[in-house]
Amino acid sequence: KRFTRHLYPAAAFVFRGMKRFRNRAEAGRALAAQLGAYAGREDAIVLGLPRGGVPVAAEVARELGAPLDVFLVRKLGVPGREELAFGAIASGGARVLNRDVVASLGIDSETIDAVAAREQTELERRAEAYRGTAEPPEVRGRTAILVDDGLATGASMRAAVEAVRGLEPESVVVAVPAAAPQTADELAADVDEIVCLLRPEPFFAVGMWYTDFTETT
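Residues numbered from 1 in each chain as written. Predicted model: local features only at pLDDT ≥ 70, side-chain atom pairs only at ≥ 80, totals over all residues. Heavy atoms only, no water.

*Asks:* Would you mind going over the side chain of Arg20 with me for this structure?
*Replies:* Its location among the elements puts Arg20 in strand 3 (residues 18–21). Comment: no salt bridge for buried Arg20; closest opposite-charge side chain is Asp212, at 9.3 Å. Polar side-chain contacts of Arg20 include one of 2.6 Å to the backbone oxygen of Tyr210. (Helix = DSSP H or I, 4+ residues; strand = E, 2+ residues; numbered from the N terminus. Buried < 20%, exposed > 50% of the residue type's maximum accessible area, 1.4 Å probe, protein only. Lys, Arg positive; Asp, Glu negative; His and termini not counted. Salt bridge = Lys/Arg side-chain N within 4 Å of Asp/Glu carboxyl O. Polar contact = N/O pair within 3.5 Å; in protein donor to acceptor, adjacent residues only side chain to side chain.)

This is how it looks when you write it as structure tokens:
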């Protein structure tokens, strides 16, 4: 397995001594510059994680000349503290749990199932909104490049990796503009390659590494 760590100074600027991206589009172009090995390859497909990962993935796909599609993932939020994820689900039925969060907060199996069922309904609604009746992308035997706008806990991306593995791709690449170092290191063991432009420590949150982190529609 390969782990790629890149900094792309031309696409970021110094903020309090650390680099940030102007917006998701710029981050996507910077990411594409480090994915040149996949440019023009007929087997490559770029899969953006909605919502914030799609603008990044669009730039990657455009620069690589690769097809673009979405790969749906929903975080599982702690009841009453929904911004804190205890896991995630993805297209194809994959479910990933953060065992540390589940254990520390005493989240029982009934609560996990209830939250997962609710998010599954939303995932299916979004799938129809994004592609209507069109079939999901064909991934079998291809190089799947999973793109998001950043990784904090990595729960969503881990669910996406597990789900896309079930579709039998030739290889799985994770590409993100910024990630918490520990998350990137842990995820590297589960994929064929990870490309991450910035690995700041401390990480804080994904939005810290963008000047414009406007919520996507």
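The discussion continues.
*Asks:* So what exactly am I meant to see when it comes to the pairing of strand 9 (residues 143–147) here?
*Replies:* As a general feature of sheets, a regular strand has side chains that alternate between the two faces. For strand 9, the tally of buried residues reaches five of five residues, placing the bulk of the element in the interior. Along strand 9, one buried face is formed by Thr143, Ile145 and Val147 and the opposite face, lined by Ala144 and Leu146, is buried too. Sheet topology places strand 4 (residues 44–48) next to strand 9; five bridges connect them, and they run parallel. In the strand pairing of strand 9, Ile45 is matched with Ala144. Summarising the sheet, strand 9 and strand 10 (residues 171–178) pair through five bridges and their orientation is parallel. Within strand 10, the residue paired with Thr143 across the bridge is Ser171. Taken together, strand 9, helix 5 (residues 155–165) and strand 10 form a β-α-β motif whose crossover is right-handed. (Pairing = 2+ DSSP bridges. Right-handed = clockwise from strand over helix to strand, strands pointing away.)

*Asks:* Quick question: what am I supposed to make of the environment of Leu35 here?
*Replies:* The residue Leu35 is located in the loop between helix 1 (24–33) and strand 4 in this model. The exposure class of Leu35 is buried, given its relative accessible area of 0%. Distance from Leu35 to Val195, taken between C-alpha atoms, is 7.8 Å for residues 160 residues apart in sequence. Discounting chain neighbours no more than four positions away, the residues touching Leu35 are Val60, Leu64, Ile145, Val173, Ala175 and Val195. (Contact = heavy atoms within 4.5 Å.)

*Asks:* It is not clear to me how the packing of helix 1 against helix 2 (residues 53–64) should be interpreted in this structure. Could you clarify?
*Replies:* Each pair of packed helices can be summarised by the angle the axes make with each other and by the distance between the axes. Close contact between helix 1 and helix 2 brings their axes to 7 Å; oriented N to C, the two are set at 40°. The angle between helix 1 and helix 2 falls in the class oblique. The two elements helix 1 and helix 2 meet at a crossing, and its hand is right-handed. The residues of helix 2 that touch helix 1, namely those facing Arg24, Ala25, Ala27, Gly28, Arg29, Leu31 and Ala32, are Pro55, Val56, Glu59, Val60, Glu63 and Leu64. Looking at the contact of helix 1 with helix 2 residue by residue, the classes come out as eight nonpolar, one polar and four charged. (Axes fitted to C-alpha atoms, helices over the stretch in contact; angles between N-to-C directions. Parallel < 35°, antiparallel > 145°, perpendicular 65-115°, else oblique. Left-handed = near helix turned anticlockwise from the far one by under 90°. Nonpolar A, V, L, I, M, F, W, Y, C, P; charged D, E, K, R; others polar.)

*Asks:* I keep staring at the sheet that holds strand 8 (residues 94–97) and nothing clicks. Help me out?
*Replies:* In a beta sheet, neighbouring strands are held together by backbone hydrogen bonds and run either parallel or antiparallel to one another. Strand order in the open sheet formed by three strands is 6-7-8, with antiparallel pairing between adjacent strands. Each having just a single partner strand, strand 6 (73–78) and strand 8 make up the two edges of the open sheet. Within the sheet, the average angular offset between the axes of one strand and its neighbour, ignoring direction, is 40°. Packing of helix 4 (residues 109–131) onto the sheet brings it into contact with strand 6, strand 7 (81–90) and strand 8, and relative to strand 6 it is tilted by some 150°.

*Asks:* How do you make sense of the packing of helix 5 against helix 6 (residues 181–188) when you look at a structure like this?
*Replies:* At a closest axis distance of 11 Å, the pairing of helix 5 and helix 6 adopts a crossing angle of 10°. The pairing of helix 5 with helix 6 is recorded here as roughly parallel in orientation. Seen from helix 5, the contacting residues are Met157, Arg158 and Val161; seen from helix 6, they are Thr183, Glu186 and Leu187. A per-class count over the contact of helix 5 with helix 6 returns three nonpolar, one polar and two charged.

*Asks:* Help me understand the pattern of salt bridges, please; the structure alone is not making it clear to me.
*Replies:* Pairs can form between side chains of opposite charge whenever their charged atoms are close. Inspection of every chain in the model, using the stated rule, returns 15 salt bridges. The shortest N-O distance in the salt bridge between Arg62 and Glu59 comes to 3.1 Å. A residue pair is termed a helical-turn pair when its members lie 3 or 4 positions apart in one helix, as Arg62 and Glu59 do in helix 2 at three residues. In this structure Glu59 comes out as buried when scored by relative accessible area, which is 13%. The salt bridge involving Arg140 is made with Glu168; its shortest N-O contact spans 2.4 Å. Taken as a pair, Arg140 in the loop between helix 4 and strand 9 and Glu168 in the loop between helix 5 and strand 10 lie far apart in primary sequence, 28 residues in all. We classify Arg140 as exposed; its relative accessible area is 52%. Taken together, the shared-partner salt bridges connect Arg29, Glu59 and Arg62 into one network.

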